[in-house]
Every structure is written in structure tokens, then in C-alpha cells.
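# Structural characterization, general
One-letter residues, chain by chain:
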Amino acid sequence: MTQTQPQPPRAHPDFPPVAEIESGGPPTSPGYLAPPQKFDYEPVPGFFVQTQGGKQYSFEPDLLARSFGLLDSTPERWGNLDKAVKQLNAEAPAGVAYKVLFLGRHGQGWHNFGASKYGIDPWEDKWTYLNGDGEITWGPDPELTPEGVRQAREIQKVWKKEVRFGAPVNNEVMRWYVSPLTRTGQTMLESFGELLTGTPEVWEDWREIYGSHTCDKRSTRSYIAKRFPTFQIEEGFAEEDPLWTADYRETDESMQVRSRNALDRIFDEQTGAEEIYISVTSHSAIFRNTLAVLNHQPYPLATGEMIPVVVKATRVGGANGNGNGPNGVNGH
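Residues numbered from 1 in each chain as written. Predicted model: local features only at pLDDT ≥ 70, side-chain atom pairs only at ≥ 80, totals over all residues. Heavy atoms only, no water.

### Here we look at the nonpolar core
Residues Tyr41, Phe68, Leu81, Trp159 and Trp206 are the most contacted members of the largest nonpolar core, which totals 63 residues. Sequence-distant contacts of Trp159, that is, excluding residues within four places in its chain, are made with Phe68, Trp78, Phe102, Ala167, Val169, Met174, Ser191, Phe192, Leu195 and Met306. The next biggest cluster of nonpolar side chains, apart from the first, holds six residues, and it includes Ile209, Met255, Ala285 and Ile286. (Core = buried A, V, L, I, M, F, W, Y, C linked by side-chain atoms within 4.5 Å. Buried < 20%, exposed > 50% of the residue type's maximum accessible area, 1.4 Å probe, protein only. Contact = heavy atoms within 4.5 Å.)

And the structure:
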């Protein structure tokens, strides 16, 4: 009887595979791995269907046809949301604030196409560590496929429809953040089009899980600045990628620390975003951990999918807390 030759262990596997998977992976949470630094976070139910239960609907076409998941379907839906969140902020005690986050995963990239082409196990065992297969190139820092561009433009179509009902898409009420990877910059531009009237801010903290997989190595600062001249790159952003190495794969705990860094910067009362509405264009693995930090139920994001979350932030230690959590981390 012939025995099956055992397979060598994966060099740096993802458990579960999430980052390159078009569906976003299984509806599981990595758990609550990084303690609060400046703020503790929780989702506020009652506004979007994604916060009400498990993943009940597909994003395309279901939630695109339902105002991204707003439970209120009246013509006054966005005005009602705005009034409710402003009331929450007006009645909040010191040290508590509310914002609405729109967390959008990039559209299909060539790495997602490659993972679908070869299947999860062959991809994780071999192909993800290469730059391509001779037919397509997915690393480093791949671009969107034509399908990825189409997915992003579907979001733009819905925003343009919803603006007529008061959707908060202008630079007076919304602020935009984006990962430094090319596919997210493309997705942000295609998702908003001429509605993008603010200046998107490129933050390293919003990048995808880094290390070993070639698709997650970012381009140089010079390339990003040239490719996306309307974006503002954060201060201290290195020219070369300082985080990606071939022999290390980032942990969920590290991604949760990064998520907290980014959220704490946004919610900071002195230096954070004054706007209530926050758009972040990023990736599936980091968002999986961001949702864990927010104490949100697991909600895998498919390529091109966006999840809105009304978030309550409570300063650690109350209104006078110094914001230094157990790790002694403060800010970025």
C-alpha cells in the first residue's frame, strides 16, 4: 500500500487564510488580543444591519441596494442617522465620543485572482511567496484587476444615489484614510470619484498584514506620492517598506495594536478628526482585527465590500485618563 508523502509545513501560513481570499475568509474572530491604549470601543446597534446579527446578506447586490445596510429606508434616512449620532455626542459624558466608520476593503487585486486561480492550499503553500506565475503578476504591491475596478465603481454609483438623500460625502463632514498599498488607493479613487472632495491621508497603520506574502509588500514613498498626488502621506513615512520581510508574518495581536493606534489617533480629542464620518479603505485581515478591537461581531469582508459601523469610544481612565494602556503605548 502506497503512503501519501507528507506535505512540508507552510513557511508562514495564515490561520485562517483571510488576506488574499476573495470572500474574506470564515466568519470567525481572532479574539480580543490587544488591551486598550487610549480608548475602549464598542459598536452601537440599531443603525446598520451588519451590527444586528450574523452576515445575512451579500454586499452585492443586496446591501448596495439597501443604502449600504442602513436599517432606515425612508427618504430621510441619512438625515435621521446624522441627527441620532449628533444627539449621542451631545448627551455623551466627558471622555465619550461617537463616530460613523465606513470600512471598505479594496476591490479584487491580482493576488486575489491568483489565490482563486490556484486554490487556498496551493496558494498558501507556494504561490503567495512568489511574484507571479509567468502569466500574471501579484507581487509586490499588486494593482486592481478590471473586476476590482468594477467593484469599486459600484460603490461610487451607490454613493452618488445616496447623496441625493443626504449621505455624508463631502469634506465638511467626512474624512478619508487609506492604506499605502496601491490597490487601496485605486479603490478609494474609484469608490468616490468626484465625490472625493477631501484629501485622503495615507497611514502605515492601515496597511494589510505584512511579511512573507509578496502582495503585502508596499511600494516606496516616492512611488506612492507620484501615483496618488492628491493623497497626503503621514509624517515619518519611510521611503522603503520598513515592516515587510520574507521570513516573518505579522500576528493578529500586532494588527490589533495597529488598529488601536489608528483608531486612537482618529478619536483623539485634541489632534484627531473633528469629522463624525470616517472613511477607511484598507484590507481584509487588518479589518478582521479592527472589528475585534471594536468588539464588533465577526464580519468577513469580500473584495470590494464596505461595512459601516457606528462606534462609541470611551477614554481609558475616564475624561482625565492619560491614555497610556498596559503596554505603555500612546498614539502612533
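The structure having been displayed, the exposition proceeds.
### Side note on unusual backbone geometry
The omega torsion across Glu60 and Pro61 is 15°, close enough to zero to call that bond cis. Along the polypeptide, Pro61 turns up in the loop between strand 1 (39–43) and helix 1 (77–91). The linkage connecting Gly139 with the following residue, Pro140, adopts the cis geometry, with an omega of -10°. The topology assignment puts Pro140 in the loop between helix 3 (120–125) and helix 4 (146–163). Positive phi, close to 50°, is recorded for Asp141, a residue that is not glycine. Here Asp141 is to be found in the loop between helix 3 and helix 4. Positive phi, normally seen in glycine, also occurs at Asn295, with a value near 60°. Judged by relative accessible area, Asn295 falls into the partly exposed class, the value being 41%. (Helix = DSSP H or I, 4+ residues; strand = E, 2+ residues; numbered from the N terminus.)

### Focus: helix 5 (residues 182–192)
With respect to burial, helix 5 is a largely interior element, nine of its eleven residues being buried. Along helix 5, the residues that are buried comprise Thr182, Arg183, Thr184, Gly185, Gln186, Thr187, Met188, Ser191 and Phe192. Structurally, helix 5 contributes buried residues whose contacts are with strand 2 (96–105), helix 2 (110–118), helix 4, strand 3 (174–178), helix 6 (221–227) and strand 6 (277–282). Gly193 lies just past helix 5 and shows a positive phi near 55°.

### Points about the sheet that holds strand 1
Across the sheet, seven strands lie side by side as 1-7-2-6-3-4-5; this open sheet has mixed pairing. Each edge of the open sheet carries a strand with a single partner, namely strand 1 and strand 5 (232–233). Pairing analysis gives five bridges linking strand 3 to strand 6, with the strands arranged parallel. Among the inter-strand pairings, Val178 is bridged to a residue of strand 6, identified as Thr281. Against the sheet, helix 1 makes contact with strand 2, strand 6 and strand 7 (306–315), and its axis sits at roughly 140° relative to strand 2, the strand it touches most. (Pairing = 2+ DSSP bridges. Axes fitted to C-alpha atoms, helices over the stretch in contact; angles between N-to-C directions.)

### A few points about the pattern of salt bridges
Opposite charge on two side chains allows them to pair when their charged atoms are near. Per the counting criterion, the structure on display carries 28 salt bridges. Between Glu135 and Lys117 there is a salt bridge, with its nearest N and O atoms 2.8 Å apart. Within this pair, whereas Glu135 is found in the loop between helix 3 and helix 4, its partner Lys117 is found in helix 2, the two being separated by 18 residues in sequence. The partner of Asp268 in a salt bridge is Arg315, with the nearest N and O atoms 3.9 Å apart. (Salt bridge = Lys/Arg side-chain N within 4 Å of Asp/Glu carboxyl O.)

### Quick notes on the pairing of strand 7
Of all ten residues in strand 7, eight are buried, a share of seventy percent or more. In this sheet, strand 7 lies alongside strand 2 in antiparallel orientation, the contact comprising nine bridges. Looking at the pairing, Ala97 lines up with Ala313 of strand 7.

### Section: the packing of aromatic side chains
Applying the stated criterion to the full structure yields 19 aromatic pairs. On the numbers, 5.8 Å between centres and 85° between planes, the contact of Trp176 with Phe192 is edge-to-face. Highlighted residues: Trp176 in strand 3 and Phe192 in helix 5, separated in sequence by 16 residues. Each of the two residues, Trp176 as well as Phe192, counts as buried. Every member of this aromatic cluster is reached through a ring pair, and the members are Phe59, Phe68, Trp78, Phe102, Trp159, Trp176 and Phe192. The ring of Trp127 is capped by Lys126, whose NZ or CZ atom sits 4.2 Å from the centre of that ring. (Phe/Tyr/Trp six-rings, centres within 6.5 Å; stacked < 30°, edge-to-face > 60°. Lys NZ or Arg CZ within 6 Å of the ring centre and 35° of its normal.)

### Considerations on the confidence of the model for the protein
Averaged over all residues, the pLDDT of the protein equals 92, while 92% of them reach at least 70. Low confidence marks residues 1–10, where pLDDT is under 50. Its contacts with residues over four positions away, or in another chain, come to five contacts. Low pLDDT, under 50, characterises residues 323–332; the predicted model gives this stretch 24 contacts beyond four residues in sequence or across chains. (pLDDT = per-residue confidence, 0-100.)

### Remarks on the packing of helix 4 against helix 5
Put simply, helix 4 and helix 5 touch, their axes get as near as 6 Å, and they point 35° apart. The crossing of helix 4 and helix 5 is right-handed. Mapping the contact onto sequence places Val149, Ala152, Arg153, Ile155, Gln156 and Trp159 in helix 4 and Thr187, Leu189, Glu190, Ser191 and Phe192 in helix 5. Broken down by class, the residue content of the contact of helix 4 with helix 5 amounts to six nonpolar, three polar and two charged. (Left-handed = near helix turned anticlockwise from the far one by under 90°. Nonpolar A, V, L, I, M, F, W, Y, C, P; charged D, E, K, R; others polar.)

### Here we look at the packing of helix 7 (residues 252–267) against helix 8 (residues 284–293)
Closest axis-to-axis distance for the helix 7/helix 8 pair is 8 Å, and the angle between their directions is 70°. Judged on the interaxial angle alone, helix 8 and helix 7 are roughly perpendicular. The chirality of how helix 7 crosses helix 8 is right-handed. Between helix 7 and helix 8, the residues in contact are Asp252, Met255, Gln256, Arg258, Ser259, Arg260 and Leu263 and Ala285, Ile286, Arg288, Asn289, Thr290, Ala292 and Val293, respectively. Among the residues making up the contact of helix 7 with helix 8, the classes are represented as six nonpolar, four polar and four charged. (Parallel < 35°, antiparallel > 145°, perpendicular 65-115°, else oblique.)

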